[in-house]
Structure formats: C-alpha cells, structure tokens
Amino acid sequence: MFAKLARTGFMISVLAVAGCNEKSVADFVPQGANKQLPEKILADMRAKGMNRESPIVGRIFKEENVVEVWKQKTNGRYEIIASYPICRYSGKLGPKYTEGDRQAPEGFYTVRPGQMNPKSGYHLSFNIGYPNTYDRANGRTGSNLMVHGACSSSGCYSMNDPQIEEIYAFARDAFKGGQTEFQIQAYPFRMTAANMARYRSDPNYDFWKMLKVGYDNFEITKVPPKVDVCEKRYVFNQVAPDGQKFNPTGACPTSTTPDPLKVAYGAYQKNYDAAFASAMNSSAPAAPKASIAGVKEANLVSDWTKRRARGERITIDPPSMNHDGSVTETTTRMGRIDSPAGRKMAALEAEQAAKKKAEEEKKAAIAFAKAEKERIKAEALAAKEAARKKASEPAETLTAQVQPAPEVPVEDESRLSQMKKKLLGMFGG
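Scoring rules and cut-offs
Residues numbered from 1 in each chain as written. Predicted model: local features only at pLDDT ≥ 70, side-chain atom pairs only at ≥ 80, totals over all residues. Heavy atoms only, no water. Helix = DSSP H or I, 4+ residues; strand = E, 2+ residues; numbered from the N terminus. Buried < 20%, exposed > 50% of the residue type's maximum accessible area, 1.4 Å probe, protein only. Contact = heavy atoms within 4.5 Å. Areas by Shrake-Rupley, 256 points an atom, 1.4 Å probe, with all protein chains shown as cover. Salt bridge = Lys/Arg side-chain N within 4 Å of Asp/Glu carboxyl O. Expected span 1.5 Å × (residues − 1). Arc of directions from axis to C-beta. Pairing = 2+ DSSP bridges. Axes fitted to C-alpha atoms, helices over the stretch in contact; angles between N-to-C directions. Phe/Tyr/Trp six-rings, centres within 6.5 Å; stacked < 30°, edge-to-face > 60°. Disulfide = S-S within 2.5 Å. Lys, Arg positive; Asp, Glu negative; His and termini not counted.

Colleague: Quick question: what am I supposed to make of the overall build of the protein chain here?
Modeller: A tally of regular secondary structure across the protein chain gives 10 helices and 15 strands. Taken over 429 residues, the protein chain has a buried fraction of 42%. When contacts within the protein chain are restricted to residue pairs at least 6 apart in sequence, those whose partners lie at least 24 apart make up 64%. With an accessible surface of roughly 23,700 Å², the protein chain has 55% of that area assigned to carbon and sulfur atoms.

Set out below in structure tokens:
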C-alpha cells in the first residue's frame, strides 16, 4: 500500500531567496553535467539494494544546513545515500512570502527535466518549482529560485561545484531511469519533538505543524508522500472518492487515509506526544534561531531588494523585523550594488548633488550681493548725514558767541547818570 502512495521525488538542495537571474551562458553542455557519480557512492548503492537509475527524493533542513539525497531500494522504500552541507544561503527560518524577500521556500516542491540547466552561469543548476500549488493558493510570489554551484549567490542557495555535480548526476540518472519528477521536501529543521517544542511560540508554528504531517508520513513509510492542496493547506496521502478532486482554494473532499498508514501513524503520534511532553519540561532547551516575522517582514525586505536593484544607496544588509513588530537595522554600513543600475544611479545622484550645490552657491552669491548693496547704501547715507552736520556747525557757533546786552533797570540807569555828573565836576569837566 505504501508503494502505491509513492510519488517519486527529488531534491537536492536548496532553494532560493530572491531569485538568481539564472541564464545559460554557452551553447555546449559543460563537462560537469556528464560527470559520473564516484565509485564509492555506486558501491554504497549496491550494498543498500539500489539501482543506479532508481528514483530519488531529497530533503533539506535549514537549521542543520544539510541537504539529503534519498534513493529508492528494490523493496520500494527509500534510504539516504548522500548528505551535503549547504555552502551558502541567506534568509531566516520560515516560508517564502513574496518576490524579493530573500527567503528560501519551505514546503513540498517538484523538479522535472525541463527545470534542469546544464549551461548555468553558476556551473550547474535547476529550478526548484516555486511557487507550487500551495504557494499560489495563498498568494505567494517569487521566481527563478535555483539550486546551483559556484558557492556564491545573492539569493539562491548555493553548493560548491563538486557537490552540485554529484547532485546533478543523481537527478540525471534518475531521469534516465524513467522517473518523471522529483519531490523536494524543504523544512526549517528536523521536525523532532524536541525541535517542535523549542519553536512552539514561533509565529510560523502552525505552518510548520502542517509540514510536519508530510514529514511524519515520510518517516513512517520511507516513501515520498502523495501531496495535495485544499482549503489553502497541504494534505498528505489522502484518497478522495471517485470523481472528486482536491481544489487548492475550495473545501477539501471527504477523504480517507489507507488503513495500514492510519495504524502506523497512530502509533508514531503516540510516541511523539510523549516525547513532546518531555521536551516541554526540559530545563535548558537550545535557543531557537531567528525566523521571519510574517508577511510584514517579507514586504519590508522586498522593498529593500527593489531599492537595491534600482541602484539606490542603502544599508549593505537588509533590515530585520522582530516578532513584536519593531525593525532592526542589521548594519549601519551603506552602499550600492555594483551594476549598470548602480553606476547609473550613482552618476545621477552625483549630478543632482552638483546641481544642488550650484544652486546653493548661486543663492549665496545673490544674498551676498544684496547685503553688499545695502551696506554701501547705508554707508552713503551715513556719509551724507555727517557732511550735513559739518556744514551747519559754524553758524551755530557764531550764534552762540554773539549775545545781546542785558537790559539795565531804570533806577540803575539814573544812578549811573548822577555818578557820571559828579565825576565830571571833580575833574573839572
């Protein structure tokens, strides 16, 4: 029954954040695209009962920074065959919401032959298939999300070149063997009871609980789960009545779980519940890592990405929003992208700065000229007033010096006349 539920899948890697602007750079297929898997891996396949071209599925765990490649055995179940550390990626735990938010998607994705690019500018690459049915039902956007080599990326998850060559070879051989699509299971972390207890207060917890159902189905069956979407949510290994379909945005049909899986899942869940209760009582759990604060932070970072693409001078790293809604600038360093857009914007800003400086200098010169004119006018008026005062000064002085004789009282004048007569008599005259 488990084998009938299998939907072959693959992953390999790593998703992307803001899109890699991927394009082919040559008309020939690079040698790396045809590189064969190492003999050690082939020997491990034979020892585990795997065929070289049997189907594969992959899982990615962000917190653990690991990509796992699982391969189908002759009994129909899958077993891990290779594990790779992710070389470089950006973003936080949590799903991708919108174009430019620099988030690596989480969920269940599919890679088909047409999504493989052997002529990638990043050595080798493939598109992971974001947005999927769930993402589109929930209005999430994004494009060009690649897994590639070169260990250098401004958005996509990047492996080093030897890693991507092996991953690419797993995919190539599985396609050659007849597998038509590979499932990618992308998780924030290994969804153990201890980790779920650590993140129980995270705003993304409900989304992660939904992913965990698919995670548990794979852990139980070791077969990629059948994935459908209804009511804007994932459903796993559900069988709808004949003639009914799963509508991504409509009501879920009355579906059933195969009895063997239902029994196995019940036992698995019982053990999980006990482990979760124990983890809740743990005195010193490991600190959780940062996660995206929902669509608000996604829009905040997306705006930063758009401004960066326009060549604006902004902070070197995008801002970060805390779960309480406050915004933290991760750095105070400013800069702009070195690109045609960035250089054009720098030249434009320099031209605007020069124009502004010229206008300010012109205004300053006009203000200086006006002030100088007022000063000269004031000095001329002062000089004129001083000359006027100087010209009127002699007349005022003469007037002050020539005073009229004081009037003599009549009785004093008579006395003076008598004295004059007496003196004339005394001196004979």
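Alright, that's what it looks like, and here's the rest.
Colleague: Before we go on, may I ask you to explain the pattern of salt bridges in this structure?
Modeller: Pairing between side chains of opposite charge can happen when the charged atoms of each approach one another. Tallied over the full model, the rule gives 26 salt bridges. Across the salt bridge formed by Glu 106 and Lys 62, the nearest N and O atoms sit 2.9 Å from each other. Of this pair, Glu 106 sits in the loop between β3 (78–85) and β4 (107–111) while Lys 62 sits in the loop between β1 (56–61) and β2 (66–72); the two residues are 44 residues apart in sequence, bridging distant segments of the chain. Each of the two residues, Glu 106 as well as Lys 62, counts as buried. Of the charged contacts in the structure, one is a salt bridge between Glu 79 and Lys 73, with a shortest N-O distance of 3.2 Å. Exposure remark for Glu 79: the relative accessible area of 26% places this residue in the partly exposed category. Salt bridges sharing common partners tie together Arg 59, Glu 68, Arg 190 and Glu 219.

Colleague: Please explain the environment of Ile 292 as it appears in this structure.
Modeller: Within the secondary structure layout, Ile 292 lies in the loop between α7 (259–280) and α8 (294–309). For Ile 292, a relative accessible area of 3% gives the class buried. In contact with Ile 292, not counting residues within four places along its chain, are Lys 92, Leu 93, Gly 94, Pro 95, Tyr 97, Gln 103, Pro 203, Asn 204, Glu 297, Ala 298 and His 323.

Colleague: Got a minute to help me understand α8 in this structure?
Modeller: For the α-helix, the turn length of 3.6 residues means that residues three or four positions removed from each other point alike. Taking 1.5 Å as the rise per residue, α8 with 16 residues should run 22 Å; its terminal C-alpha atoms sit 23 Å apart, in good agreement. What α8 keeps buried is the set Gly 294, Glu 297, Ala 298, Val 301, Ser 302, Trp 304 and Thr 305. Around the axis of α8, the buried residues are gathered within 160 degrees of arc, so they sit on the same side. Of the exposed residues in α8, the ones pointing more than 90 degrees away from its buried face are Lys 296 and Lys 306. Contacts from the buried residues of α8 go to β12 (314–315) and β13 (320–321). Once α8 finishes, Gly 311 follows within two positions and takes phi at roughly 90 degrees, a positive value.

Colleague: Just checking my understanding: could you explain the sheet that holds β4 for this structure?
Modeller: What holds strands together in a sheet is hydrogen bonding between their backbones, with the strands either parallel or antiparallel. One open sheet holds the five strands; their spatial order is β3-β2-β1-β9-β4, and the pairing between them is mixed. With one partner strand each, in any of the chains shown, β3 and β4 form the two edges of the open sheet. Across the sheet, the mean angle separating the axes of adjacent strands is 20 degrees when strand polarity is ignored. Its contacts with the sheet put helix α4 (residues 161–176) on β1, β2, β3, β4 and β9 (182–187), and the angle it makes with β3 is roughly 155 degrees.

Colleague: What am I meant to see in helix α2 (residues 39–47) here?
Modeller: Every buried residue of α2 is listed here: Ile 41, Leu 42 and Met 45. Looking straight down α2, one finds its buried side chains confined to an arc of 100 degrees; they lie on one side. Looking at α2, the residues exposed on the side facing more than 90 degrees away from the buried face are Lys 40, Arg 46 and Ala 47. Turning to α2, the residues buried within the fold contact β2, β3 and α4.

Colleague: Would you mind going over the packing of aromatic side chains with me for this structure?
Modeller: Aromatic ring pairs are described here by two measures, namely the spacing of the ring centres and the angle between the planes. Scanning the entire structure with this criterion turns up 15 aromatic pairs. A ring pair is formed by Phe 189 and Trp 208, whose centres lie 5.2 Å apart and whose planes are at 75 degrees; its orientation type is edge-to-face. Within this pair, whereas Phe 189 is found in the loop between β9 and α5 (193–198), its partner Trp 208 is found in helix α6 (residues 205–221), the two being separated by 19 residues in sequence. The pair formed by Phe 189 and Trp 208 is uniform in burial state, with each residue classed as buried.

Colleague: Before we go on, may I ask you to explain the state of the cysteines in this structure?
Modeller: In protein structure, a disulfide is the covalent linkage between the sulfur atoms of two cysteines. Tallied over the entire structure, the rule returns two disulfides. Here Cys 87 engages in a disulfide with Cys 151; their sulfurs sit 1.7 Å apart. Measuring handedness by torsion sign, the sulfur bridge of Cys 87 and Cys 151 sits at about -60 degrees and is left-handed. With Cys 87 in the loop between β3 and β4 and Cys 151 in the loop between β7 (146–148) and β8 (157–158), this residue pair connects regions lying 64 residues apart in the sequence. On the basis of relative accessible area, Cys 87 is assigned to the partly exposed category, the value being 30%.

Colleague: I keep staring at the side chain of Asp 202 and nothing clicks. Help me out?
Modeller: Mapped onto the elements of the fold, Asp 202 is located in the loop between α5 and α6. One buried charged residue, Asp 202, remains without a salt bridge, the closest side chain of opposite sign being Lys 92 at 9.5 Å. Leave out the neighbours within four places in its chain, and Asp 202 touches Trp 208, Ser 291 and His 323.

Colleague: Help me out: how do you make sense of the environment of Val 239 in this one?
Modeller: With respect to the secondary-structure elements, Val 239 resides in the loop between β11 (233–236) and α7. The exposure class assigned to Val 239 is partly exposed, which follows from its relative accessible area of 39%. Sequence spacing of Val 239 and Ser 255 is 16 residues, and the spatial spacing of their C-alpha atoms is 5.2 Å. Not counting residues within four places of it along the chain, the set of residues in contact with Val 239 comprises Ser 255, Thr 256 and Pro 258.

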